[in-house]
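Descriptive analysis of the structure
If you want the building blocks of each chain, they are given just below.
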Amino acid sequence: MPLVQPLVTKSSASLADARIRAIHLYRLWQKSVPQIMIDYHLCLPQSVVRSKIREHFEKNRYVSDPRTIDVLLFKGRIEFEETYNVWKQYSHVLRYFDANEQDPQPTKFFDKFIEGRV
């Protein structure tokens, strides 16, 4: 069973330093995809898992405050440790993939009326 050693939390000195740390975390996630798929017996192609990881990083791409980036990096590292060390259950990992699979629920009255849910 793999084990990732805990990392000491540190602050980024500049935006460039935060960017380097974010790229390092992204590469760490991408390199560990095969092991994560083996550990959790995921029946998904590697490309789907890799694209989901990229999607999560792209979501925060335009954050420009180094302190906010440090918090996001800390949370990302925690997620990585929990996933890689198999501290999560199978259902916890699958939640990342279920979010896009579900159809969006209609929010307007007319959309609900058309669907017959009024």
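Look a little higher up for the structure.
Everything numeric here is computed off the predicted structure, so don't read it as measured data.

Calculation rules
Residues numbered from 1 in each chain as written. Predicted model: local features only at pLDDT ≥ 70, side-chain atom pairs only at ≥ 80, totals over all residues. Heavy atoms only, no water. Helix = DSSP H or I, 4+ residues; strand = E, 2+ residues; numbered from the N terminus. Buried < 20%, exposed > 50% of the residue type's maximum accessible area, 1.4 Å probe, protein only. Contact = heavy atoms within 4.5 Å. Phe/Tyr/Trp six-rings, centres within 6.5 Å; stacked < 30°, edge-to-face > 60°. Axes fitted to C-alpha atoms, helices over the stretch in contact; angles between N-to-C directions. Parallel < 35°, antiparallel > 145°, perpendicular 65-115°, else oblique. Left-handed = near helix turned anticlockwise from the far one by under 90°. Nonpolar A, V, L, I, M, F, W, Y, C, P; charged D, E, K, R; others polar. Salt bridge = Lys/Arg side-chain N within 4 Å of Asp/Glu carboxyl O.

So, on to the environment of Leu-15. Here Leu-15 is to be found in helix 1 (residues 15-31). You can call Leu-15 partly exposed: its relative accessible area is 41%. For the pair Leu-15 and Ile-69, spaced 54 residues apart in sequence, the C-alpha to C-alpha distance is 8.6 Å. Residues in contact with Leu-15, not counting those within four places in the same chain, are Ser-64, Pro-66 and Ile-69.

Moving on to the packing of aromatic side chains. Counted by the stated rule, this structure contains 3 aromatic pairs. Pairing Trp-29 with Phe-80 gives two aromatic rings, centres 5.3 Å apart and planes at 75°, and the pair type is edge-to-face. In this pair, Trp-29 is assigned in helix 1 and Phe-80 in helix 4 (residues 66-84), connecting sequence segments 51 residues apart. You'll find Trp-29 and Phe-80 in the same group, each marked buried. One aromatic cluster in this structure is built from Trp-29, Phe-80 and Tyr-84.

The next thing to look at is the packing of helix 1 against helix 3 (residues 46-59). Contact geometry for helix 1 and helix 3: axes closest at 10 Å, N-to-C directions at 160°. One element, helix 1, and the other, helix 3, form an angle in the roughly antiparallel class. Every pair of crossing elements has a handedness; the one defined by helix 1 and helix 3 is right-handed. On the side of helix 1, the interface is formed by Ala-22, Leu-25, Tyr-26, Trp-29 and Gln-30, while helix 3 contributes Arg-50, Ile-53, Arg-54 and Phe-57. Classifying every residue of the contact of helix 1 with helix 3 by side-chain character gives 6 nonpolar, 1 polar and 2 charged.

The next subject is the pattern of salt bridges. Throughout the structure, instances matching the rule amount to 6 salt bridges. Residue Lys-52 is joined to Glu-55 by a salt bridge in which the shortest nitrogen-to-oxygen separation is 3.6 Å. One end of the pair, Lys-52, and the other, Glu-55, are both in helix 3, 3 residues apart, so they sit about a helical turn from each other. Residue classification places Lys-52 among the buried residues on the basis of a relative accessible area of 9%. Across the pair Glu-58 and Arg-61 runs a salt bridge, and its minimum N-O distance is 3.1 Å. What makes Glu-58 partly exposed here is its relative accessible area of 32%.

For His-41, which is not glycine, the phi torsion reads 50° and is therefore positive. If you check the backbone angles, Val-86 has positive phi at about 60° while not being a glycine. If you trace the backbone, Val-86 turns up in the loop between helix 4 and helix 5 (90-101). With a relative accessible area of 29%, Val-86 lands in the partly exposed category.

Interpretation note: all reported values are geometric properties and have no functional meaning in isolation.
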